[in-house]
Amino acid sequence: MSSVALRTDGSLARPILIALAMLVAGVVLGLPLAIVLVEAFARGPGTYLAALVDPDTIDAIALTLIVALCSVSVTTVFGIAAAWCIARFTFRGRSLLLTLIDLPFSVSPVIAGLVQVLLFGRRGWLGPFLAAHDVRIVFALPGIVLATVFVTLPFVARELMPLMQEQGAEEEEAALSLGASGWQTFRRVTLPNIRFALLTGVLLANARAMGEFGAVSVVSGHIRGATNTMPLQVEILFNDYQIEAAFAVASVLALLALVTLGLKLALERRQSVLLTTKGSAP
Amino acid sequence: MSHALGRPHLVIPGFRLSLGLTTGTLAVLVLLPLAAMIAIGLANGVPAFVAALADRRVMAAFRVTIGAALVAAVVSAAFGLLLAWVLTRYRFPGRRIIDAAVDLPFALPTAVAGIALTALYAPNGWVGGLLAPFGIKVAFTPLGIVVALVFVGLPFVVRAVQPVLEDLPAHEEEAAHLLGATPAQTFRRVILPAMAPALVTGFTMAFARGLGEYGSVIFIAGNKPMLSEIVPLLIVIQLDQYNYTGAAAIGTLMLLASFVLLLAINRLQAWAGGR
Amino acid sequence: MTAAIEIRGVSKRFGSHLALDNIHLDVRPGELLALLGPSGSGKTSLLRIIAGLEAPDAGQVLFGAEDAAQRRAGEREVGFVFQHYALFRHMTVFENVAFGLRVVPRARRLPRAVIAERVTRLLEMVQLAWLADRMPAQLSGGQRQRVALARALAIEPRVLLLDEPFGALDAKVRKELRRWLRALHEDVKLTSVFVTHDQDEALELADRVVVMSAGRIEQIGGPGEVYTAPASAFVHEFLGDTNRLDCRIEGGRVVLTDGALLGRADAPDGTAVAYVRPHELDVAATREGAAVIRHASTFGPLVRLIVGFGESSLDVAMPVERWVRLGLAVDDRVSLTARYGAVFTRPGQPAVLLRPCIPMNGLRAVPGALGA
């Protein structure tokens, strides 16, 4: 880009701005990540491993995986359905629906937990009914899943909607005019075209589901070994002044975040290749 | 009139199924629970609703939260603009790493960010230790809240501004340059107006996120009532005391704020996209 | 002869925009029919309705004698070639062409080997057998176009529909592919309908041309017919370059608004619009002529002139030899004569022939003749 050359002619702006940007990125983004690893290994790998194989931590990891599996499934089905109706049809109320799909993103996660307690808590609307039938939702797995679904709901839809809008409906129309059924069209034409974006959405939803703190902390009740997910376990350990253990569990979550970011980059690159190499005219 | 009825792509199947699934899921998992919250918040009448919010501690928490979110959004906007500019305009070693790292706050669980920032900015921490001799306390003060909210708000600004800067036609800048504009004039008259909508969008998104943020804040905030206690924490406290109406009232006001901000962001994005 | 496709009173509205207004049209078996019109004329909507990709608000589409509304797009046995081809980007050329055969319910599906054989034969027909394993992104525009055609033909459709088949190609490829498609149609004699906004394409390729404007059919006729006997001013204007002149009819004389006499026409008195194509105008050197040659450019065998006349300027075309013989140059004063032209007295009415008012060689002396 020649404009870059123009702007930087004999100017100090470039090195100063780059240095400032590196400083900001280092302090704001780099240091938090670094201190997690440093603190986790502060007392050596032995302590680190001991913290990870602690029974309560193992339980927290297991619960986290179950919660993520349940909520990501819901998010995925919802995301595909939402993207299909938003990107393939125009209808009255479409833009309202778009806003509502985004709503969970802009609501505080604490509210996502709060509404579960208000509905299903012991003094909530359905509390007496649930107690009479011996069903536990709040302070149990269902409540944690419901709260997690609430906060992760838009993730897959958000990835798919712009992509499907950009790809347009022509390939699907072509498939249908060639005699394919609706399901064949979805499976053989739509799905292959959106597969990387779909994986990206699932990946991001999963990262959020595993890492969700605010929503889950309200509904979990912090019952060790039973309703603690990994982020809650981090909180408990930190508040118990078991700093190394807290950072050890945190380092696993941080690793998850890094892997998620790495995979997301790779997937986005593949999806953009898929997008630019579409069968239509350049 | 099939268009008005909403079926222009008549041939594409699955409209009812997908719309039904989408609205059904949204209604059951999001809208009904939120409606229940509003109903519970207003159950004892509007005066009780107002009274629950007019409580001094609640008002203080709103002041702290809104103030910290605003300051943090301003800082995020400045830092975010700097990062977006450098990432799109210059090629330098480490650029791709920084670009990828911008998304870290999106991916890093908030609790992890919370304890990491607390450890960093505590008086004996890496950064807190540097600031302590100057009498600057970050952790366990409102300043700590700002630090946490800058961390979570920064990517919103970068990711809002970056694509606009990338798409900004180089011709416009070249034309401005050839017409005799200095770099500063070009920036102020050509580049800044072009990306103002995106910058305002990013600022608003960072602010909205800051209002509701919980996990990364509560560790570093110290949570002193009237001083460094944020609104979401107050909801948790009210719930612990089985004050469902109070919690619902606060939640309702926060929901209202989120909805207004969400509509504002949608408008801003339409504005930014329409240019 | 029954029509292959019969369109009866089809209307389609998008929001407040009336895309198709009560269309009646028969497509004859084996013909190559062009739907020609500017963008927004409704031609693509009509094609999509025939294919079942869009449903009409009113009216019927009959295939043979059968109402197509009963059939989904996939059951109409229609081959559709999309404007941007809509090739499945994640499938090879071979898989693209085979798609329509593979999605047939298992009970009626052809054996694998038969499918492979038919796909290979189709790819040979479109001269792309050597590209069978490529992905669409690796093909040129013209190659993609032919893959799309092979894919549409694979299901052995009763009708082939093409939406702007050459729209996305550059001029040279477009011309080649046009010839090739015409030859292919001569071979296969498959009933085909294609949409185009390019009058050359429609006139060169089609057996019959349907000229459309604002959701209505202006004229249906052979390529020569629509050009020489346009049914409306729109058709005349859309098919080729022309000069538009506002005029009045006064006792069979065609008089321009500034009083100059253009020619004669058998039409009732009143305001009218006359059209004269560039090659229908003659120039003659006259010192007192009111017209001035503003610009002259040689374009292959033709010379194109821009002649200033009062406020307006007219396009004139003539063979190079004639231009050389006249010995004229830019800024020379000339007189203009219309050899013939078309006069439209009311919108939607066919043209009345414009005739020169006196023998052409006497023109110069006649007061009031155009340009004198």
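Rules and cut-offs
Residues numbered from 1 in each chain as written. Chains lettered and ligands numbered in written order. Predicted model: local features only at pLDDT ≥ 70, side-chain atom pairs only at ≥ 80, totals over all residues. Heavy atoms only, no water. Helix = DSSP H or I, 4+ residues; strand = E, 2+ residues; numbered from the N terminus. Contact = heavy atoms within 4.5 Å. Buried area = accessible area lost by both parts, 1.4 Å probe. Salt bridge = Lys/Arg side-chain N within 4 Å of Asp/Glu carboxyl O. Phe/Tyr/Trp six-rings, centres within 6.5 Å; stacked < 30°, edge-to-face > 60°. Patch = residues over 30% accessible without salt bridge, like charges linked within 9 Å, V, L, I, M, F, W, Y side chains within 5 Å. Areas by Shrake-Rupley, 256 points an atom, 1.4 Å probe, with all protein chains shown as cover. Buried < 20%, exposed > 50% of the residue type's maximum accessible area, 1.4 Å probe, protein only. Pairing = 2+ DSSP bridges. Axes fitted to C-alpha atoms, helices over the stretch in contact; angles between N-to-C directions. Polar contact = N/O pair within 3.5 Å; in protein donor to acceptor, adjacent residues only side chain to side chain. Domains from an automatic or database assignment.

Chemist: What exactly am I supposed to notice about the environment of Ala116 of chain B here?
Modeler: As for its position among the elements, Ala116 of chain B is in helix H7 (residues 110–121). The sequence separation of Ala116 of chain B and Ala247 of chain B amounts to 131 residues, and the corresponding C-alpha distance is 29 Å. Every residue in contact with Ala116 of chain B, bar those within four places of it in the chain, is listed here: Pro32, Ile35, Val36 and Phe247 of chain A.

Chemist: Looking at this structure, how should I read the interface of chain A and chain B?
Modeler: The accessible area lost on association of the parts is a frequent measure of interface size. Facing the 90 residues of chain A at the interface are 89 residues of chain B. Between chain A and chain B, roughly 8000 Å² of surface is buried when both sides are summed, and carbon and sulfur atoms account for 81% of that area. The interface formed by chain A and chain B holds one salt bridge in total. Between Lys264 of chain A and Asp103 of chain B there is a salt bridge; the shortest N-O distance is 2.8 Å.

Chemist: Just checking my understanding: could you explain the packing of aromatic side chains for this structure?
Modeler: How two aromatic rings sit relative to each other is set out by the distance from centre to centre and by the angle between their planes. Counted by the stated rule, this structure contains 16 aromatic pairs over all chains. Pairing Phe89 of chain A with Phe15 of chain B gives two aromatic rings, centres 4.6 Å apart and planes at 50°, and the pair type is tilted. One end of the pair, Phe89 of chain A, is in the loop between helix H4 (55–88) and helix H5 (94–106); the other, Phe15 of chain B, is in helix H2 (residues 15–41), on a second chain. These aromatic residues form a ring-pair network of at least three members: Phe213, Phe238 and Phe247 of chain A together with Tyr214 and Phe219 of chain B.

Chemist: Quick question: what am I supposed to make of a nonpolar patch on the surface here?
Modeler: Residues and elements named next belong to chain A. Side chains of Leu12, Ile16, Leu20, Leu23 and Val27 sit close together on the surface and give an oily, nonpolar patch of about 460 Å² of accessible area. Structurally, Ile16 is set in helix H2 (residues 13–40). Owing to a relative accessible area of 47%, Ile16 belongs among the partly exposed residues under this scheme.

Chemist: What am I meant to see in the sheet that holds strand S16 (residues 291–299) of chain C here?
Modeler: Hydrogen bonds along the backbone pair up the strands of a sheet, which may run parallel or antiparallel. Residues and elements named next belong to chain C. Strands sit in the order S15-S19-S16-S17-S18 across an open sheet of five strands; the sheet is antiparallel. What marks the edges here is a single partner per strand, and that holds for strand S15 (281–285) and strand S18 (312–319). Ignoring strand direction, the axes of neighbouring strands in this sheet form an average angle of 40°. Pairing of S16 with strand S19 (residues 333–338) involves two bridges; the strand directions are antiparallel. Along S19, the bridge assignment pairs Val292 with Arg333.

Chemist: Explanation requested: the pattern of salt bridges in the structure shown.
Modeler: Any two side chains of opposite charge can pair, on the condition that their charged atoms come close. As enumerated under the stated definition, the model contains 32 salt bridges over all chains in all. Arg8 of chain C is the salt-bridge partner of Glu6 of chain C, the closest N and O atoms lying 2.9 Å from each other. Among the charged side chains, a network of salt bridges with common partners joins Lys264 and Glu268 of chain A together with Asp99, Asp103 and Arg159 of chain B.

Chemist: Could you clarify how one ought to interpret the environment of Ala205 of chain A in this entry?
Modeler: Residues and elements named next belong to chain A. When you line up the elements, Ala205 lands in helix H11 (residues 182–211). In the structure, Ala205 is positioned 51 residues away from Pro154 in sequence and 8.4 Å away in space, judged by C-alpha atoms. Those residues in contact with Ala205 that sit more than four places away from it in its chain are Val72, Thr75, Thr152 and Phe155.

Chemist: Got a minute to help me understand unusual backbone geometry in this structure?
Modeler: Of all residues except glycine, most have a negative phi; of all peptide bonds, most are trans. Even without being a glycine, Tyr241 of chain A presents a positive backbone phi close to 60°. Topologically, Tyr241 of chain A is positioned in the loop between helix H13 (230–239) and helix H14 (243–276). In this structure, Asn223 of chain B takes a positive phi of about 55° despite not being glycine. The topology assignment puts Asn223 of chain B in the loop between helix H12 (215–221) and helix H13 (231–240).

Chemist: Would you mind showing me how to read the interface of chain C and chain A here?
Modeler: Chain C puts 28 residues into the contact, and the matching count from chain A is 25 residues. Counting each side, the surface lost to burial between chain C and chain A is near 2400 Å², with a carbon and sulfur contribution of 57%. Per-residue buried area on chain C facing chain A is highest for Arg89, His90 and Val103 of chain C; these three make up 31% of the total on that side. Counting every contact that joins chain C to chain A gives two salt bridges. With its nearest N and O atoms 2.6 Å apart, the salt bridge here joins Arg89 of chain C to Glu171 of chain A. In this assembly, chain C and chain A are joined by five residue pairs in polar contact (both at pLDDT 80 or more). Secondary structure elements with two or more residues in the side of chain C that touches chain A: strand S6 (78–81), helix H2 (93–102) and helix H4 (141–154) of chain C.

Chemist: Please clarify how the pairing of strand S3 (residues 32–36) of chain C should be interpreted in this entry.
Modeler: In summary, the side chains of a regular strand alternate between the two faces of the sheet. Residue and element names in this part refer to chain C. When you tally the buried positions in S3, you get five out of five residues, the bulk of the element. The pairing of S3 with strand S8 (residues 191–196) spans five bridges and is classified as parallel. From the neighbouring strand, Ala34 faces S8, where its bridge partner is Phe194.

Chemist: I tried to follow the domain arrangement of chain A on my own but got confused; where do I start?
Modeler: Residues and elements named next belong to chain A. Looking at the assigned domains, one finds that chain A contains domain 1 (1–40) and domain 2 (44–280). Between the C-alpha centres of domain 1 and domain 2 there is a distance of 32 Å. Counting from both sides, the interface comprises six residues of domain 1 and, opposite them, nine residues of domain 2. Taking both sides of the interface into account, the surface hidden between domain 1 and domain 2 amounts to around 590 Å²; carbon and sulfur atoms contribute 80%. When the buried surface of domain 1 facing domain 2 is broken down by residue, Val36, Glu39 and Ala40 rank first, second and third, together holding 74% of it.

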